[in-house]
There are 2 protein chains.
Amino acid sequence: MMLDPKKHADWEIAWEAEKNMKTIHHIAEVLGLEKNELLPYGHYMGKVDFRAVLDRLGDRPNGKYVDVTAITPTPLGEGKSTTTIGLVQGLGRRGKRSSAAIRQPSGGPTMGVKGSAAGGGLSQCIPLTQYSLGFTGDINAVMNAHNLAMVALTSRMQHERNYNDEKLLSLSKMPRLNIDPANVNMGWVIDFCCQALRNVIIGIDGINGKSDGFMMRSRFDIAVSSEVMAILAIVKDLADMRRRMGKIIVAYDRDGKPVTTADLEVDGAMTAWMMEAINPNIIQTIEGQPVFVHAGPFANIAIGQSSVIADRIGLKLSEYHVTESGFGADIGYEKFWNLKCHYSGLTPDAAVIVTTVRALKSHGGAPLPVPGRPLPSEYSKEHVGFVEKGCCNLLHHIRTVKKSGVSPVVCINAFVTDTKAEIVKIRELCEAEGARVALSTHWEHGGEGALELAEAVVDACAEKTKFVPLYDWEMPFKERIELVAREIYGANGVDFSAEAEKKLTSIQKRDDAMKLGLCMVKTHLSLSDDPSRKGVPEDWRLHVRDVLIYGGAGFVVPVAGSISLMPGTGSNPSFRRVDVDTETGRVSGIF
Amino acid sequence: MMLDPKKHADWEIAWEAEKNMKTIHHIAEVLGLEKNELLPYGHYMGKVDFRAVLDRLGDRPNGKYVDVTAITPTPLGEGKSTTTIGLVQGLGRRGKRSSAAIRQPSGGPTMGVKGSAAGGGLSQCIPLTQYSLGFTGDINAVMNAHNLAMVALTSRMQHERNYNDEKLLSLSKMPRLNIDPANVNMGWVIDFCCQALRNVIIGIDGINGKSDGFMMRSRFDIAVSSEVMAILAIVKDLADMRRRMGKIIVAYDRDGKPVTTADLEVDGAMTAWMMEAINPNIIQTIEGQPVFVHAGPFANIAIGQSSVIADRIGLKLSEYHVTESGFGADIGYEKFWNLKCHYSGLTPDAAVIVTTVRALKSHGGAPLPVPGRPLPSEYSKEHVGFVEKGCCNLLHHIRTVKKSGVSPVVCINAFVTDTKAEIVKIRELCEAEGARVALSTHWEHGGEGALELAEAVVDACAEKTKFVPLYDWEMPFKERIELVAREIYGANGVDFSAEAEKKLTSIQKRDDAMKLGLCMVKTHLSLSDDPSRKGVPEDWRLHVRDVLIYGGAGFVVPVAGSISLMPGTGSNPSFRRVDVDTETGRVSGIF
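Chain A carries the name Formate--tetrahydrofolate ligase in an unreviewed UniProt entry, which gives Desulfomicrobium orale DSM 12838 as its organism. Listed under Catalytic activity (unreviewed entry) in UniProt, the entry text for chain A is "(6S)-5,6,7,8-tetrahydrofolate + formate + ATP = (6R)-10-formyltetrahydrofolate + ADP + phosphate". According to its UniProt record, chain A has this under Sequence similarities (unreviewed entry): "Belongs to the formate--tetrahydrofolate ligase family."

Dropping the structure here:
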């Protein structure tokens, strides 16, 4: 029996559904996995030995490939994961063998603002607690592999300062790398939102003096923004991962030449820490469909896509494989389109754009909702005017998806406060733009509520797709950035800081420049680089403040506006509401 | 077939043994677990639902309880884990149902100096790679729970600085805690040896200004020294853990009153992160006996014991349960005796003191071995004189074990270079001290080589034990510290720094002072607080530099000498030699 989402919190619904949860062995069997291909983690979670699956099914044709993206969200989120899960449940009700792929939630939002990233209402995946709190450990593996590189860097800098060349060679057969402390590329990572660690000084002398490190400025980013996470998301297999793990640029030497993880001789050990993480995880929807979970979120500050490996096996095992890309189509879908699909060689058959009446109202001028505070009354009463005005944002994202050659399906993720007139207005405007539209009540009704959406997706997938990249990778980076800014964000142009300009010039001279992808860092809360500007901002220019280079993942990463790779924890964080019932062992407050 | 340890590295032996590894389901069945009590992690690792086991077997009498400790080790280690595994294998060969309990290895030593902490030669536990690199994630859970408290602290300090009382209350219903930035007790943790993070400044203004944290001095310790790890080691059950998790003292307010994890409202969420970690892990010896792995190492800077929970279930399931306590008896056994057994209420039936001819020689005046460099020739040739002189250290530890009322069994962990005359001398001196002695070749021959040791242990366990604590917990801390220093370390007395003196005076005034245990931090490389002094140092005083208080674990932690809670990475770290074979998926170089 399912609880009523209008009366119960997400975690209460999850608990109730977990009473009838199938074992992960059962889920694996339904998915068509052989026994040895499932690596169980407890009774209800598992990892899939992807190599065994691909060895066995490599010749089987792929199923249909559906991406779920969204309009520019409010800070509350528009229910993209909820829709991904709901759609798979709806496809299931229509008799289609289907699977979802979502990204592992980060401890940052789970403990900070957002709570569950498992979907919501009657479209969730379970077991909720384990999924939300560390899961099978992949983010921890990323964090450890990443920080090990920093241990290698910082200890090396100390030893190179303390010893002369002769001593260094005799101690450890290490040549001097001559690392420039003012030109260190990489920071540390931790999987929480922690503004206090954004800018730090490390290596301050303590009681051990010269053995207490090398003093320099450093930083901590959130773990899911790590280049190691980007590598996990895009690699095809272990050999691909091993190769990329050695190319991460940790710092530069005093001649300006890159110092990589391979130079620090830490790339083998970093890969070793990732040996379990490379296998995708599998859990289930509350209606019993398989859900792959792999790689990390945050398409604003990272690639933020579930992994290529998870999609590769999902497409072999399912008729319909639904994958999610983070935030709005300007961010998540753009990276799915021009990065992830480039690396995977896979092409989508349809893209779902999730919208809510709430988000449209916020783009249309209603007061902005703030997490943790009551919704302004404009959101609980009919306001067709706000909705109509806000649809400009949705239509912009529809055009973005169409530029990739893929059929967009607009999913109106229904709320109980939506009115008929509001819905009619959205349908009218989207259909005029040539998009399919489905009203979906999967939050309230689960798979039954997603039948219209499932049908629209099946229809869209039956169309022929002409998937085309936005740009050729031979295009210089400044041009690529300009193109994304104009075509996808709607900017008038791009301004580069002197620092960004200098770095781009240097990157463009690399032999492998044409083999590097573009992975933008920009706020997800606006099409522009200013999170306060809603709708479709006009007459603005993108400000690129800095440029990072991920030599292993193969990304050039321009950073736009004042966004940081380390989010902050607000004054009313959600960890306050999380607790454990010591009698039942249940965790409450993840919602 | 087992490989010859004289010709093969530990990881090669482990790989070969893994070809015949039993599934974890099989191991659990042999151990007598019911099906739902095993939570598998892949095919060869698992966790045990300890509550289900204790509910079912609570009335069953305990098996025999054996602790494995050692003499003051060389930096190379004397094979305590190897002996623990070997002993269980030997007991198995003698038809005894037996299990081991060891501590999860820390990423610090694994990537720094030590390599495998899974035993060695033909006495190892497997699967080696997963065990060595993150395992089932417990240390990561400890790290995340710990750092979440620091996120709560540092974000609170920022918000309290930025907002007045009225604004704080309206934003989040939070009273002002008035945290004193000069009196923050807790640091951050990471599971690597990273001297560059020992002393740091955090919260430096960046592009976000007042939202970039609160600037202050801070530090990182190694994760396994976390108070959260201490709590995992000593709790009896989940309710015990939940209660303790709220009493961790994170900082003090401007009136000098403790600010706890409960005050920061983060204790429920911290416990939630530990929900999987509280269940002990289970793997196997290369001869197929069950090995519990739970909690963390480092008895020098932490409690460094495998968990009370693992021992509780091991004693219900086995005739002989062999647990290990870290480093020499001055450190590991003292904490087993006066802390762990106090919390568990369990009493040991015998204690094995592991020694090697190598370590005795180092205590007798031979040049000290250095990790990563060739052993001085004194260690490969017969030197009865060095051995005889060094036995003073072993005899000191025998007396320590006897003071607890437990029968000591000396295990000479044989090396191929040991000579008959050297062994005869050790036997002679130990037997004169009233200890049983066994020469054990388990490294070379596995369980077959440990038959003599197993017999000596069975004999010792047949004796009646009168286990008595070293001190009553009503004794004031300064007296307890003096007692440990004189009786266990052989010091003439203790000198306290002004800071330590002040803190002890304040601690002694707490209402719960008599409920707090003593957990010393001291080098493991000498009985004294100076790691260079071997044998039994004379005419020295213990210098207590600082005192920490772990309000949740219930420990007062005096820090002696210049030891740090964050070890360093040397100039020839072992991560250089770790790599992955991308064809087979095997990890090499963990040894």
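Draft legend 1. How the structure looks around the overall build of chain A. When you go through chain A residue by residue, the secondary structure sums to 20 helices and 25 strands. Computed over C-alpha atoms, the radius of gyration of chain A comes to 24 Å, within 12% of the 25 Å expected from 2.2 N^0.38 for 591 residues, which places it in the range of a compact globule. With respect to the principal axes defined by its C-alpha atoms, chain A has extents near 80 × 55 × 50 Å. Classification of the 591 residues of chain A by burial places 67% in the buried group. Pairs at least 24 apart in sequence give 74% of the contacts found in chain A among residues at least 6 apart. As displayed, chain A offers around 19,600 Å² of accessible surface, 49% of which is attributable to carbon and sulfur atoms. Separation of charge centres in chain A, based on 67 positive and 70 negative side chains, amounts to 1 Å.

Draft legend 2. Up close: helix 1 (residues 10–18) of chain A. Residues and elements named next belong to chain A. In terms of burial, helix 1 is a largely internal element, 8 of the 9 residues being buried. Regarding helix 1, the residues found buried are Asp10, Trp11, Ile13, Ala14, Trp15, Glu16, Ala17 and Glu18. In this structure, the buried side of helix 1 is in contact with strand 5 (119–120), strand 6 (123–126), helix 6 (128–132), helix 17 (442–445) and strand 25 (587–588).

Draft legend 3. Examining the interface of chain A and chain B more closely. Each partner contributes to the interface: chain A provides 88 residues, whereas chain B provides 88 residues. Roughly 7,200 Å² is buried in total at the junction of chain A and chain B, and carbon and sulfur atoms are behind 63% of that figure. It is Trp273(A), Phe575(A) and Arg576(A) that lose the most area in chain A upon contact with chain B, and together they represent 10% of the buried surface on that side. Between chain A and chain B we count 6 salt bridges in total.

Draft legend 4. Focus on the packing of aromatic side chains. One pass over the full model with this rule turns up 22 aromatic pairs over all chains. Centre to centre, the rings of Trp188(A) and Phe220(A) are 6.0 Å apart; their planes meet at 20°, and the pair counts as stacked. Remark: Phe220(A) occurs in strand 11 (residues 220–222) and Trp188(A) occurs in strand 8 (residues 188–190); sequence separation between them is 32 residues. Since its relative accessible area comes to 3%, Phe220(A) is described here as buried. Pairing Trp11(B) with Trp15(B) gives two aromatic rings, centres 5.0 Å apart and planes at 65°, and the pair type is edge-to-face. Of this pair, Trp11(B) and Trp15(B) both sit in helix 1 (residues 10–18), 4 residues apart, which is roughly one turn of that helix. For the pair Trp11(B) and Trp15(B), a shared accessibility class is recorded, and that class is buried. Ring-pair connections join several aromatic residues into one group, and the members of that group are Tyr65(A), Tyr333(A), Phe336(A) and Trp337(A). The ring of Tyr489(A) has Lys522(A) lying over it, and the distance from NZ or CZ to the ring centre is 4.6 Å.

Draft legend 5. Layout of the pairing of strand 2 (residues 45–48) of chain A. All names here are of chain A. The two faces of strand 2 match: Met45 and Lys47 on one face and Gly46 and Val48 on the other face are all buried. Bridge count for strand 1 (residues 38–41) against strand 2 is 4 bridges, and the pairing is antiparallel. Across the sheet, the residue bridging to leucine 38 is valine 48, located in strand 2. As consecutive antiparallel partners, strand 1 and strand 2 are separated by 3 residues, and within that stretch glycine 42 has a phi angle of approximately 75°, a positive value. Across 2 bridges, strand 2 lies against strand 14 (residues 281–285) in antiparallel orientation. Note that in strand 14 the partner of lysine 47 across the bridge is asparagine 281.

Draft legend 6. Just the sheet that holds strand 13 (residues 258–260) of chain B, in detail. All names here are of chain B. On the basis of which strands lie adjacent, the open sheet formed by 3 strands has the order 7-12-13 and antiparallel pairing. The open sheet terminates on both sides in strands that have one partner only, identified here as strand 7 (179–184) and strand 13. Across the sheet, the axes of successive neighbouring strands diverge by a mean angle of 50°, strand direction being ignored. For strand 7 and strand 12 (residues 249–253), the ladder comprises 2 bridges, and the chain directions are antiparallel. Opposite isoleucine 179, over in strand 12, you have aspartate 253 as the bridge partner. Relative to strand 7, helix 7 (residues 138–162) is tilted by about 135°, and along the sheet it contacts strand 7 and strand 12.

Draft legend 7. Geometry of the UniProt feature "binding site: ATP" (unreviewed entry) in chain A. Residue and element names in this part refer to chain A. With numbering aligned to this structure, UniProt lists the feature "binding site: ATP" (unreviewed entry) at Thr74, Pro75, Leu76, Gly77, Glu78, Gly79, Lys80 and Ser81. Among the secondary structure elements, glycine 77 is positioned in the loop between strand 3 (64–70) and helix 4 (80–93). In this structure, glutamate 78 sits in the loop between strand 3 and helix 4. Among all residues touching glutamate 78, those that are not within four sequence positions of it are Pro73, Val354, Thr356, Arg358, Ala359 and Asn413. A polar contact of 2.7 Å, which involves the side chain of glutamate 78, links it to the backbone nitrogen of threonine 74.

Draft legend 8. Main features of the pattern of salt bridges. Here the structure, examined in full by the defined rule, presents 72 salt bridges over all chains. One salt bridge connects Arg486(A) with Glu482(A), and the closest N-O pair in it is separated by 3.4 Å. Linking Arg486(A) with Glu482(A), this pair stays in helix 19 (residues 477–489), spanning 4 residues, or about one helical turn. Look at Arg486(A) and you get partly exposed, because its relative accessible area is 44%. We note a salt bridge from Glu287(B) to Arg93(B), for which the minimum N-O separation is 3.1 Å. Remark: Arg93(B) occurs in helix 4 (residues 80–93) and Glu287(B) occurs in the loop between strand 14 (281–285) and strand 15 (290–293); sequence separation between them is 194 residues.

Draft legend 9. Spatial organisation of the relation of the copies chain A and chain B. Expressed as a screw transformation, the operator carrying chain A onto chain B has a rotation angle of 180° and an axial translation of 0.0 Å, and the superposed copies differ by an RMSD of 0.0 Å. On the angle and the small slide along the axis, the relation comes out as a two-fold axis. Within chain A, the C-alpha atom positioned nearest to the axis of rotation is that of Tyr41(A), 2.1 Å from it. When the interface residues of chain A are mapped onto chain B, 100% of them again fall at the interface, so both copies present the same face.

Draft legend 10. Examining the pairing of strand 15 (residues 290–293) of chain A more closely. Residues and elements named next belong to chain A. Burial along strand 15 is two-sided: Pro290 and Phe292 facing one way and Val291 and Val293 facing the other are all buried. Relative to strand 15, strand 14 runs antiparallel, the two being bridged by 4 bridges. Paired with asparagine 281 across the strands is valine 293, a residue of strand 15. Once strand 14 ends, the chain turns through 4 residues before running back antiparallel as strand 15, passing glycine 288 with a positive phi of about 90°.

Draft legend 11. Structural detail: the nonpolar core. Judged by nonpolar contacts, the single largest core of 318 residues is most densely connected at Phe555(A) and Phe555(B). Those residues within four positions of Phe555(A) in sequence are excluded, and the remaining contacts are Ala230(A), Ile234(A), Ile303(A), Leu339(A), Tyr343(A), Leu516(A), Gly517(A), Cys519(A), Leu548(A), Ile549(A) and Tyr550(A). One finds Val88(A), Val409(A), Tyr41(B) and Phe135(B) within the second-largest nonpolar core, a separate group that totals 90 residues.

Draft legend 12. The arrangement of the packing of helix 13 (residues 329–344) of chain B against helix 19 (residues 477–489) of chain B in detail. Residue and element names in this part refer to chain B. Direction vectors running N to C along helix 13 and helix 19 enclose 125°, while the axes themselves pass 11 Å from each other. The angle between helix 13 and helix 19 falls in the class oblique. Handedness of the helix 13/helix 19 crossing: right-handed. Residue-level inspection shows Asp330, Glu334 and Trp337 of helix 13 in contact with helix 19, the latter providing Val484, Ile488 and Tyr489. Its residues assigned to classes, the contact of helix 13 with helix 19 comprises 4 nonpolar, no polar and 2 charged.

Draft legend 13. Structural context of the side chain of Glu227(B). Residues and elements named next belong to chain B. If you trace the backbone, glutamate 227 turns up in helix 9 (residues 227–234). Buried charge without a salt bridge: glutamate 227, with arginine 244 as the nearest opposite-charge side chain at an N-O distance of 7.5 Å. For glutamate 227, the residues in contact, after removing those within four places along its chain, are His146, Ile248, Ile549, Tyr550, Gly551, Gly552 and Ala553.

What counts, and where the lines are drawn
- Residues numbered from 1 in each chain as written.
- Chains lettered and ligands numbered in written order.
- Predicted model: local features only at pLDDT ≥ 70, side-chain atom pairs only at ≥ 80, totals over all residues.
- Heavy atoms only, no water.
- UniProt positions renumbered as here; feature names shortened; annotations may be inferred.
- Helix = DSSP H or I, 4+ residues; strand = E, 2+ residues; numbered from the N terminus.
- Rg over C-alpha atoms; globule rule 2.2 N^0.38 Å.
- Buried < 20%, exposed > 50% of the residue type's maximum accessible area, 1.4 Å probe, protein only.
- Contact = heavy atoms within 4.5 Å.
- Areas by Shrake-Rupley, 256 points an atom, 1.4 Å probe, with all protein chains shown as cover.
- Lys, Arg positive; Asp, Glu negative; His and termini not counted.
- Charge placed at Lys NZ, Arg CZ, Asp CG, Glu CD.
- Buried area = accessible area lost by both parts, 1.4 Å probe.
- Salt bridge = Lys/Arg side-chain N within 4 Å of Asp/Glu carboxyl O.
- Phe/Tyr/Trp six-rings, centres within 6.5 Å; stacked < 30°, edge-to-face > 60°.
- Lys NZ or Arg CZ within 6 Å of the ring centre and 35° of its normal.
- Pairing = 2+ DSSP bridges.
- Axes fitted to C-alpha atoms, helices over the stretch in contact; angles between N-to-C directions.
- Polar contact = N/O pair within 3.5 Å; in protein donor to acceptor, adjacent residues only side chain to side chain.
- Least-squares fit on C-alpha atoms with pLDDT ≥ 70 in both.
- Core = buried A, V, L, I, M, F, W, Y, C linked by side-chain atoms within 4.5 Å.
- Parallel < 35°, antiparallel > 145°, perpendicular 65-115°, else oblique.
- Left-handed = near helix turned anticlockwise from the far one by under 90°.
- Nonpolar A, V, L, I, M, F, W, Y, C, P; charged D, E, K, R; others polar.

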